[in-house]
Amino acid sequence: MVRHLILMRHGDALPTNPRGDRRRELSAKGNEDVANIAKVFASTGMKPSLLLHSPFTRTVQTATILADAIGAQNVMTSSPVLASGQPLEPMVREIEAFKTERLLMVVAHMPDVGELGSEFGNMSLGQQYAFVPGGIACLRFQGDIVVGQGEVVFLSRPIETNKLAEKLTPLV
């Protein structure tokens, strides 16, 4: 069975929060970018079987905007191991724990999403630079979602949202 892992960096965030990095919120641009991406997901019928996200405010906001647009609130789950600054290995184990999901979506931080792309999909360093705020990578697996077995299907940045539907449609 073909499975997909979609890695997404949270939308553009405010530079600081007096209560700390964990509580940084999406900026107006971040909200707009993620809302536009979410509209494309909704228009294509793209809905993950599981949506994992970091517990940081900006990733919760990103995941919530997506989930609300595509009706995925019931499959949205916060994962403490996806918090910014956590070691990579627990993140990898967390994703592999859900290796049989048809479409697993993970909303997290840089450099983590880039490193996860490299671990699961052998993404080059150049490909990892696509993870600007709101950046997306889609990896395809012939079988379970496991390290080193994915191939990059597409990369997308918010500036390319107008082309996202044509990239998502074949996956639905």
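Residues numbered from 1 in each chain as written. Predicted model: local features only at pLDDT ≥ 70, side-chain atom pairs only at ≥ 80, totals over all residues. Heavy atoms only, no water.

Draft legend 1. Summary view of the overall build of the chain. Secondary structure assignment for the chain yields six helices and six strands. Put simply, the chain runs from its N terminus to its C terminus through helices and strands in the order β-α-β-α-β-α-β-α-α-β-β-α. Taking 172 residues into account, the globule formula puts the C-alpha radius of gyration at 16 Å, and the chain, at 14 Å, falls close to it. With respect to the three principal axes, the spread of C-alpha positions in the chain is 45 × 35 × 35 Å. Sorting the 172 residues of the chain into buried and exposed places 46% on the buried side. Long-range pairs, those at least 24 residues apart, make up 73% of the contacts in the chain with a sequence separation of at least 6. Mean positive and mean negative side-chain charge positions of the chain (17 and 17 charges, respectively) differ by 3 Å. (Helix = DSSP H or I, 4+ residues; strand = E, 2+ residues; numbered from the N terminus. Rg over C-alpha atoms; globule rule 2.2 N^0.38 Å. Buried < 20%, exposed > 50% of the residue type's maximum accessible area, 1.4 Å probe, protein only. Contact = heavy atoms within 4.5 Å. Lys, Arg positive; Asp, Glu negative; His and termini not counted. Charge placed at Lys NZ, Arg CZ, Asp CG, Glu CD.)

Draft legend 2. The arrangement of unusual backbone geometry in detail. Cis rather than trans, the peptide bond between Met110 and Pro111 has omega equal to 10 degrees. By the element assignment, Pro111 lies in the loop between strand E4 (103-108) and helix H4 (112-121). Backbone geometry places Asn122, a non-glycine residue, at a positive phi of 55 degrees. If you trace the backbone, Asn122 turns up in the loop between H4 and helix H5 (125-128).

Draft legend 3. A look at H4. Within H4, seven of the 10 residues are buried, which leaves the element mostly enclosed by the surrounding structure. Residues Asp112, Val113, Gly114, Leu116, Gly117, Phe120 and Gly121 constitute the buried set of H4. The elements touched by buried residues of H4 are strand E1 (2-9), helix H3 (88-96), E4, H5, strand E5 (136-142) and strand E6 (151-156). Immediately downstream of H4, the backbone of Asn122 shows phi near 55 degrees, a positive value.

Draft legend 4. View of the pattern of salt bridges. Applying the stated rule across the entire model yields seven salt bridges. We note a salt bridge from Arg24 to Asp21, for which the minimum N-O separation is 2.9 Å. Here Glu151 ties to Arg140 by a salt bridge, and the two come within 3.3 Å at their closest N and O atoms. Note that Glu151 is positioned in strand E6 and Arg140 in strand E5, a separation of 11 residues in sequence. The exposure class assigned to Arg140 is partly exposed, which follows from its relative accessible area of 26%. Beyond isolated ion pairs, a larger network of salt bridges with shared partners links Asp21, Arg24 and Arg58. (Salt bridge = Lys/Arg side-chain N within 4 Å of Asp/Glu carboxyl O.)

Draft legend 5. Seen up close, H3. Looking only at H3, the buried set comprises Met91, Val92 and Ile95. On an axial view of H3, the arc spanned by its buried residues comes to 100 degrees, and they lie on one face. In the core, the buried residues of H3 are packed alongside E1, E4 and H4. (Arc of directions from axis to C-beta.)

Draft legend 6. Structural view of the sheet that holds strand E2 (residues 50-53). Here six strands make up an open sheet; going across it, the order is E3-E2-E4-E1-E5-E6 and the pairing mixed. Both edges of this open sheet fall to strand E3 (76-78) and E6, since each of them pairs with a single strand only. Neighbouring strand axes in the sheet, compared pairwise and without regard to direction, differ in orientation by 20 degrees on average. Bridge count between E1 and E5: seven bridges; the pairing is antiparallel. By the bridge assignment for E5, Arg3 is matched with Phe141. Sheet strands in contact with H4 are E1, E4, E5 and E6, and its direction is about 160 degrees off that of E1. (Pairing = 2+ DSSP bridges. Axes fitted to C-alpha atoms, helices over the stretch in contact; angles between N-to-C directions.)

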